[in-house]
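Listed here are the chains, written in short residue letters.
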Amino acid sequence: LLQQPQASTMPTSKPKQSSLHAQYFSIQDIESGLAAGAFIPYFQPQINLESGLLHGVEALVRWHYGCQIIMPDHFLPIIESQQLILPMTKSVIEQTLKQMISWREAGLPDIQVSINLSAAYLNQLNLPQLMTDLLQEYPVNSSHITFEITERISLESNQPTLDTITRLRLKGFYLSLDDFGTGYSSLAQLDRLPFNEIKIDKSFVMHALSSPISRVIVESSVALAKQLGVRCVAEGIESQACEQFLKDSGCDIGQGYLYSRALPSHAFQQWALEYLK
Ligand code: C2E
Ligand code: CA
Ligand code: CA
Ligand code: CA
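Rules of the game
- Residues numbered from 1 in each chain as written.
- Chains lettered and ligands numbered in written order.
- Predicted model: local features only at pLDDT ≥ 70, side-chain atom pairs only at ≥ 80, totals over all residues.
- Heavy atoms only, no water.
- 1 Å grid on protein atoms, 1.4 Å probe; cavity = no way out; pocket = protein on both sides within 12 Å on 5 of 7 lines; lining within 4 Å.
- Points joined across faces, edges and corners; volume = space filled by probe spheres on them.
- Helix = DSSP H or I, 4+ residues; strand = E, 2+ residues; numbered from the N terminus.
- Nonpolar A, V, L, I, M, F, W, Y, C, P; charged D, E, K, R; others polar.
- Salt bridge = Lys/Arg side-chain N within 4 Å of Asp/Glu carboxyl O.
- Buried < 20%, exposed > 50% of the residue type's maximum accessible area, 1.4 Å probe, protein only.
- Donors = N, O, S within 2.8 Å, 3.2 Å for Na, K, Ca; no water.
- Expected span 1.5 Å × (residues − 1).
- Arc of directions from axis to C-beta.

**Q** Account for the layout of surface pockets, with residues named and values stated.
**A** Approximately 1200 Å³ is the volume found for the largest pocket. As for the largest pocket, its lining consists of 42 residues, and the residues nearest its centre are Glu58, Leu60, Pro72, Asp73 and Lys202. It is helix α2 (residues 72-81) that contributes the most residues to the lining of the largest pocket, six residues altogether. Residues that form the lining of the largest pocket fall into these classes: 18 nonpolar, 11 polar and 13 charged.

Right, here's the structure in full:
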């Protein structure tokens, strides 16, 4: 194994973004980033595959660290292990609601906005109440918000988390089962929770044209969504050939670099106004 620098010290020479490792960041770095509002949602478009219309966006958090932009894989593990997921999630949700209002003011039609939640921590954040409070401050309809939930630990044994998720649905928010097909998100969750959407993991979508197994997983996930009457989203669409395959399979919504990467709010707004022309 390569030797890692001590936790809490940044290397003296600036590393490339890809070489940054979670262990370079100290809790103090993250806490001051949170206090400074440096964890910022970027927005990646989602397209209705049948109509070609803009369906919505997924909010994906980035950390503005000095002049670098740090991707979530480099800091979420520490955030999650240090109980900082609650303030980070609150901050991402609040900024996202603000942006929804400003997109509306800029003339964008109402779109579906997806927000990621780490399921393991849901019971500690009084999310149904927080959302009720926030929606009084930011007048957005709950039916325009989808919570994407990934199971990183078993939800089975976690009744408070199941209750939280069910209460969100009762308040009119939509629920998406993220990373569908991976070990984390299993068929059993569909039976246990009131999901409205399944999101096929990019590891299958990206290989659907080259790997017969991935292809079968994508096709059966789409078929399963149809049978259950839930929306089906494919992430990781990078080529027109892949988009065509998803269309032919009957998948509802597509997301991926073919359309756009996740963009800062204002850049997304420009992208959307151009797209809708
Ligand atoms: P995810 O929820 O599965 O999000 C999809 C990831 O795939 C994103 O990575 C997105 O940028 C990337 N992606 C989308 N289209 C393509 C494509 O065509 N090709 C490729 N190669 N990648 C594509 P990102 O932004 O690095 O996020 C990684 C993970 O971090 C997310 O995976 C999600 O689990 C987590 N995450 C991101 N933002 C938040 C957040 O605000 N809260 C929580 N709890 N988790 C978050
Ligand atoms: Ca997601
Ligand atoms: Ca995924
Ligand atoms: Ca994920």
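**Q** Explain the pattern of salt bridges to me, using residue names and the numbers behind them.
**A** It is possible for side chains bearing opposite charge to pair when their charged atoms get close. All told, the structure shown has nine salt bridges when counted by the stated rule. Measuring nitrogen to oxygen at the nearest pair gives 2.7 Å for the salt bridge that ties Glu58 to Lys199. One end of the pair, Glu58, is in strand β2 (residues 54-65); the other, Lys199, is in strand β7 (residues 197-200), and 141 residues separate them in sequence. Each of the two residues, Glu58 as well as Lys199, counts as buried. Put simply, Glu197 and Arg231 hold a salt bridge, and the shortest N to O gap is 2.8 Å. Residue Glu197 is located in strand β7, and its partner Arg231 is located in strand β8 (residues 231-235); the two are separated by 34 residues in the primary sequence. Assigned by exposure class, Glu197 and Arg231 land together as buried. When salt bridges with common partners are traced through the structure, they connect Glu58, Glu148, Lys199 and Glu235 into a single cluster.

**Q** Which residues make up the coordination of the calcium ion (ligand 4), and what values go with them?
**A** Donor atoms from the polypeptide that coordinate the calcium ion (ligand 4) comprise Asp179 (OD) and Asp179 (OD), at 2.5 to 2.8 Å from the metal. Between the calcium ion (ligand 4) and the calcium ion (ligand 2), the interatomic distance is 5.0 Å.

**Q** Residues and numbers for empty space enclosed by the protein, please.
**A** Going through the model one piece at a time under the given rule, you end up with two cavities of 30 Å³ or more. Here the largest cavity defines a volume of roughly 100 Å³. Lining of the largest cavity is provided by Met100, Trp103, Arg104, Leu108, Pro109, Asp110, Ile111, Val113, Val140 and His144. For the lining of the largest cavity, the element with the most residues is helix α3 (residues 85-105), which contributes three residues. In terms of residue class, the lining of the largest cavity is built from seven nonpolar, one polar and two charged. The computed volume of the second largest cavity comes to approximately 50 Å³. Lining the second largest cavity, in full, are Ile85, Leu86, Thr89, Leu117, Ser118, Tyr121, Leu122 and Leu125. In the lining of the second largest cavity, the residues fall into six nonpolar, two polar and no charged.

**Q** Go over helix α8 (residues 212-228) with me, naming the residues and quoting the values.
**A** Across its 17 residues, α8 extends 24 Å between first and last C-alpha, which sits within 8% of the 24 Å expected from 1.5 Å per residue. Of the residues making up α8, those classed as buried are Ser214, Val218, Ser221, Val222 and Ala225. Along α8, the residues classed as buried sweep out an arc of 95 degrees about the axis, all on the same side. Exposed residues on α8 whose side chains face more than 90 degrees from its buried face are Pro212, Ile213 and Gln227. Looking one or two places after α8, you find Gly229, whose phi comes out positive at around 70 degrees.

**Q** Break down the environment of Leu228 for me, citing the residues and quoting the values.
**A** In this structure, Leu228 sits in helix α8. Leu228 sits 31 residues away from Glu197 along the chain, and the two C-alpha atoms are 9.6 Å apart.

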